[in-house]
Amino acid sequence: ADSLTASVQALTLQSTTKTSKFAGCFPTLNPMDIYREHIAEELGKAAGIDSDLIFSRLAWTNTLDKGDLSLPVAALRIKKKPDELAAELASKFPESDLIHPPTAFGPHLQFFCKAAPLTNTVLGRILSEKAAFGTNGNMGLKDPSDPSKGQKKIIIEFSSPNIAKPFHAGHLRSTIIGGFLANLHTVMGWDVIKMNYLGDWGKQYGLLANGFKYFGNEEALTKDPINHLFDVYVKINRIVGDQEGPIKELKEQIKTKKEKGEDVATEEAELAKLVDVSEDEKARRYFKSMEDGDPDALALWARFRDLSIAKYKQTYARLNIDFDVYSGESQVKAESMASAYKAMEKAGVTEESDGAIIADFTKHGAKKLGKAIIVRKDGTPLYLTRDIGAILERDEKYHFDKMIYVVAAQQDLHLAQLFKVTELMGNKDLASRCQHINFGMVHGMSTRKGTVKFLDDILRDVGDKMHEVMKKNETKYSQVANPEETADTLGITSVMVQDMTGKRVNGYDFNLDAMTSFEGDTGPYLQYAHARLCSMARKSELNIDELDSADFSLLTERHAIDLIRLLASWPDVLVNTSKTLEPVTVLSYLFRMTHMLSSSYDVLKVIGSEPELKKARMALYAAARQVLNNGMRVLGLNPVERS
Ligand code: ARG
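Only a predicted model underlies this, so the values are computations on that prediction, with no experimental measurement involved.

Moving on to the overall build of the protein chain. Across its full length, the protein chain carries 25 helices and 16 strands. Considering the protein chain as a whole, with its 643 residues, one finds that 53% of them fall into the buried category. The long-range fraction of contacts in the protein chain, counting pairs at least 24 apart against all pairs at least 6 apart in sequence, stands at 71%. Put simply, the protein chain shows about 29,300 Å² of open surface, and 51% of that area lies on carbon and sulfur atoms. Charged side chains in the protein chain number 82 positive and 88 negative. The centres of these two groups are separated by 2 Å.

Right, let's get into the domain arrangement of the protein chain. Partitioning the protein chain into domains gives domain 1 (2-60 + 69-112) and domain 2 (481-488 + 504-635). Placing the centre of domain 1 and that of domain 2 at their C-alpha centroids yields a distance of 27 Å. Between domain 1 and domain 2 we count one salt bridge in total. The closest approach of N and O atoms between Asp 572 and Arg 36, which form a salt bridge, is 2.6 Å. Taken together, the connections running from domain 1 to domain 2 amount to two residue pairs in polar contact (both at pLDDT 80 or more). A total of three residues in the side of domain 1 that touches domain 2 trace back to one element, the largest contributor, which is helix α2 (residues 31-47).

Another point: the packing of helix α9 (residues 225-259) against helix α10 (residues 265-277). Here α9 crosses α10 at 160 degrees, and the two axes come no closer than 10 Å. Taken as axis vectors, α9 and α10 run roughly antiparallel relative to one another. In this structure, α9 crosses over α10, and the sense of that crossing is left-handed. Judged by residue contacts, Gln 243, Pro 246, Ile 247, Leu 250, Lys 251, Gln 253, Ile 254, Lys 257 and Lys 258 of α9 engage Glu 267, Glu 268, Glu 270, Leu 271, Leu 274, Val 275 and Val 277 from α10. Here the contact of α9 with α10 is built from residues that sort into eight nonpolar, two polar and six charged.

This brings us to the site of the ligand. Around the ligand sit Glu 157, Ser 160, Asn 162, His 171, Tyr 197, Tyr 383, Asp 387, Tyr 405, Val 407, Gln 411 and His 414, and those are all the residues in its vicinity. A distance of 3.0 Å separates a nitrogen atom of the ligand from a polar atom in the backbone of Ser 160. Side-chain polar atom of Gln 411 to an oxygen atom of the ligand: 2.9 Å apart, as the coordinates give it. If the ligand stood free it would expose 350 Å²; the protein chains cover 91% of that surface. A per-class count over the shell around the ligand returns four nonpolar, five polar and two charged.

What follows concerns the pattern of salt bridges. Tallied over the full model, the rule gives 36 salt bridges. Note that Glu 42 is salt-bridged to Lys 45, the shortest N-O span being 3.7 Å. Placement of both Glu 42 and Lys 45 in helix α2 is noted, with a separation of three residues, approximately one turn of the helix. Residue Asp 499 is joined to Arg 173 by a salt bridge in which the shortest nitrogen-to-oxygen separation is 2.9 Å. Of the two residues, Asp 499 is situated in helix α19 (residues 483-500) and Arg 173 in helix α6 (residues 169-187); the sequence distance between them amounts to 326 residues. Via salt bridges that share partners, Asp 68, Arg 558, Asp 562 and Arg 565 belong to a single interconnected network.

With that settled, the discussion passes to the side chain of Lys 420. Summarising the element assignment, Lys 420 is placed in helix α15 (residues 412-424). The contacts of Lys 420, once residues within four sequence positions are left out, are Phe 361, His 364, Ala 366 and Leu 369.

Take the sheet that holds strand β4 (residues 108-111) next. The strands making up a sheet are joined through hydrogen bonds of the backbone, oriented either antiparallel or parallel. One open sheet holds the four strands; their spatial order is β1-β2-β4-β3, and the pairing between them is antiparallel. Of all the strands in the sheet, just β1 (59-60) and β3 (103-105) have a single pairing partner and so form its edges. Bridging between β3 and β4 involves three bridges; their strand directions are antiparallel. Bridge assignment links Thr 103 to a residue of β4, and that residue is Gln 110. Against the sheet, helix α4 (residues 82-92) touches β3 and β4, its axis set at about 35 degrees to β4.

Looking along a regular strand, one sees the side chains alternate between the two faces of the sheet. Burial analysis of strand β5 (residues 153-157) places four of its five residues in the buried class, which makes it a mostly covered element. For the segment spanning β5, α6 and strand β6 (residues 191-198), crossover handedness is right-handed.

Let us now look at a positive patch on the surface. Taken together, the side chains of Arg 532, Arg 538, Lys 539 and Arg 642 make up a positively charged region of the molecular surface. Mapped onto the fold, Arg 642 is located in the segment after α25 (611-635). On the accessibility criterion, Arg 642 (43% relative accessible area) is partly exposed.

Moving on, we come to the sheet that holds strand β8 (residues 350-353). Across the sheet, which stays open at both edges, the three strands sit in the order β8-β9-β10 with antiparallel pairing between neighbours. On the outer flanks of this sheet lie β8 and β10 (371-375), each paired with one strand and no other. The mean angle between the axes of side-by-side strands here comes to 45 degrees, regardless of whether they run parallel or antiparallel. In the sheet, β8 pairs with strand β9 (residues 356-360) via four bridges, with the strands oriented antiparallel. From the neighbouring strand, Thr 350 faces β9, where its bridge partner is Ala 359.

This part covers the nonpolar core. Counting residues in hydrophobic clusters, the biggest one holds 149 residues, and the most contacted among them are Leu 567 and Met 593. Among the elements that line this core, the one with the most residues is α25, at 13 residues. For this core, the two domains that each supply at least three residues are domain 1 (2-60 + 69-112) and domain 2 (481-488 + 504-635). Residues Met 344, Phe 361, Ala 372 and Cys 434 belong to the second largest nonpolar core, which totals 30 residues.

A separate point is α4. An α-helix turns once every 3.6 residues. As a result, residues three or four positions apart point the same way. For α4, the set of buried residues is Leu 85, Ala 86, Leu 89 and Ala 90. All buried residues of α4 project into a common sector of 135 degrees when viewed along the axis, lining one side.

Its place among the elements puts Val 497 in helix α19. Those residues in contact with Val 497 that sit more than four places away from it in its chain are Asp 521, Thr 522, Gly 523, Leu 526, Leu 587, Phe 591 and Leu 637.

A word on the packing of helix α14 (residues 383-398) against α15. Closest axis-to-axis distance for the α14/α15 pair is 10 Å, and the angle between their directions is 50 degrees. Classified by the angle their axes make, α14 and α15 are oblique. Considering how the two elements wind past one another, α14 and α15 form a crossing that is right-handed. Contacts from Tyr 383, Leu 384, Asp 387, Ile 388 and Ile 391 of α14 reach α15 at His 414, Gln 417, Leu 418, Phe 419, Val 421 and Thr 422. For the contact of α14 with α15, the class distribution of residues is seven nonpolar, three polar and one charged.

Rules and cut-offs
Residues numbered from 1 in each chain as written. Predicted model: local features only at pLDDT ≥ 70, side-chain atom pairs only at ≥ 80, totals over all residues. Heavy atoms only, no water. Helix = DSSP H or I, 4+ residues; strand = E, 2+ residues; numbered from the N terminus. Buried < 20%, exposed > 50% of the residue type's maximum accessible area, 1.4 Å probe, protein only. Contact = heavy atoms within 4.5 Å. Areas by Shrake-Rupley, 256 points an atom, 1.4 Å probe, with all protein chains shown as cover. Lys, Arg positive; Asp, Glu negative; His and termini not counted. Charge placed at Lys NZ, Arg CZ, Asp CG, Glu CD. Domains from an automatic or database assignment. Salt bridge = Lys/Arg side-chain N within 4 Å of Asp/Glu carboxyl O. Polar contact = N/O pair within 3.5 Å; in protein donor to acceptor, adjacent residues only side chain to side chain. Axes fitted to C-alpha atoms, helices over the stretch in contact; angles between N-to-C directions. Parallel < 35°, antiparallel > 145°, perpendicular 65-115°, else oblique. Left-handed = near helix turned anticlockwise from the far one by under 90°. Nonpolar A, V, L, I, M, F, W, Y, C, P; charged D, E, K, R; others polar. Near = heavy atom within 4 Å. Pairing = 2+ DSSP bridges. Right-handed = clockwise from strand over helix to strand, strands pointing away. Patch = residues over 30% accessible without salt bridge, like charges linked within 9 Å, V, L, I, M, F, W, Y side chains within 5 Å. Core = buried A, V, L, I, M, F, W, Y, C linked by side-chain atoms within 4.5 Å. Arc of directions from axis to C-beta.

Have a look at this one:
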């Protein structure tokens with residue numbers, strides 16, 4: 001992410017931020033904005049239409065045959081049949097150096113860029129701006145017309161696993177999508193705070209601490225804290241399970257006896273004894289001591305937490321992710337929750353019910369949100385309560401412009417309740433700055449040896465599988481300098497690309513064979529496409545840094561021009577992605593490009609072409625490699641140079 005930040009800054013500094021008369025138009029950063037500005041002004045003048053209106057209605061196209069930009073003329077709100085209006089505007093549009101005479105296609109006016117100027121601008125810019133091409137530091141400014149007011153700040157809360165519990169598919173997706181959202185906002189100039197909100201508080205940590213007394217092992221803890229704590233947790237939970245049976249039985253006996261009017265004093269004494277020595281009760285007491293600030297209890301817990309975080313950091317690094325803040329349920333201050341209770345009470349959000357404090361959303365115009373307990377009978381806070389405290393603390397501490405929670409759709413209700421409470425408490429503005437980015441379930445995520453426990457297990461298993469797949473192509477395999485490492489990177493790419501292939505709300509099946517294949521729109525295929533362009537550059541023996549002096553006018557073939565048109569739209573794809581917040585918006589663009597590339601290799605040969613032509617084509621491929629690389633980095637992938 002640091003290198004992403006650097007590239008945005010480089011470009012924003014370099015561009016004199018030549019301001020356009022149109023809002024959100026950055027011709028020095030986005031080549032398509034040159035065309036939007038041009039069309040809006042020319043058509044506005046020629047047809048007597050407000051150029052701002054035209055500018056705002058110019059749309060990008062899904063396929064190149066529909067033009068580079070398209071104007072749905074109905075959106076101009078002129079009382080004329082759209083088809084006729086389109087034809088009329090087409091005929092009025094003046095001759096232009098930049099674009100061909102527009103074509104009316106039904107109710108659309110289609111604009112095609114003239115190849116030569118587009119090629120010069122686009123290839124020239126990509127080759128000089130490199131990693132910064134497509135980024136736009138202005139989008140994240142508080143006020144684009146006055147950079148001195150600074151950047152907008154966004155908190156992205158994601159991953160958020162629970163200590164001593166499995167890192168499940170929901171955490172994996174949150175990590176992948178959250179990492180992507182952080183990169184996206186970084187290249188769009190936001191000040192991004194990446195936050196991990198750990199599940200690190202509650203009775204289960206009392207259980208874990210007691211379990212550690214029986215089953216803990218210092219060496220194992222320091223060596224592999226995550227797995228060791230999970231083992232301990234499983235073992236102590238087994239005991240809890242074993243103890244539950246007799247307790248339940250006794251409770252039933254008491255109930256039946258009572259119904260018959262019999263005396264139950266002995267049974268009740270027996271029950272009290274059983275409960276008193278049960279691990280569940282001991283855990284409750286231990287956790288109470290944590291809540292009361294017992295230093296020893298807290299020290300042990302802090303060690304578990306710190307060691308787990310240290311280990312998580314290593315794994316996140318493999319995914320190119322580093323968090324700015326490791327927050328968590330434990331970090332929410334009692335005072336924040338207390339002042340939240342007061343505010344909720346004062347605003348009439350909460351009420352008493354059976355000794356507990358609840359919020360009944362049905363009484364506040366939010367029927368679907370039902371009721372939620374805010375404070376238990378015994379006075380202890382809940383998951384929701386901590387989130388309410390946390391949202392207030394974060395607002396106060398960070399003064400963010402936006403906060404995104406990347407959490408599974410299973411928690412839709414929880415987050416809707418959180419935002420509603422926040423609003424009802426009188427923090428409407430705060431609630432409006434928060435957004436839940438949700439996603440569907442992954443089915444059947446397991447390693448080949450059994451079900452998964454941790455992210456590391458998944459990554460190792462996919463890496464192994466990838467290594468096997470690579471070995472099948474002996475000649476290629478022998479050329480890879482560091483096969484283990486490459487397999488590892490390709491494995492991670494496989495998992496991430498599979499995850500990003502559909503819309504977030506859709507779930508998918510975790511399919512090891514499909515995701516590690518080099519065929520189809522997979523991670524390995526994307527990496528292969530990048531590596532192939534790298535290899536072409538190596539074999540060309542040209543100086544890649546001098547390609548911008550190539551004679552671009554030699555690039556005249558349909559394949560070359562279409563590829564350039566696609567490259568020109570990369571900055572727009574990023575703008576669109578900031579609206580959809582979907583990784584698939586970037587990913588489908590990249591696959592479109594790889595498909596175009598693969599059909600170009602036979603037509604636009606580099607090796608064997610005349611020196612000038614060879615150089616021009618290599619410039620085109622180098623530009624494509626750069627944009628592919630930029631896109632992969634936004635997704636959080638590590639592009640490989642050989643695969
Ligand atoms: N630790 C939670 C879980 O694993 C996810 C936390 C989501 N974030 C939040 N602010 N509630 O289910």
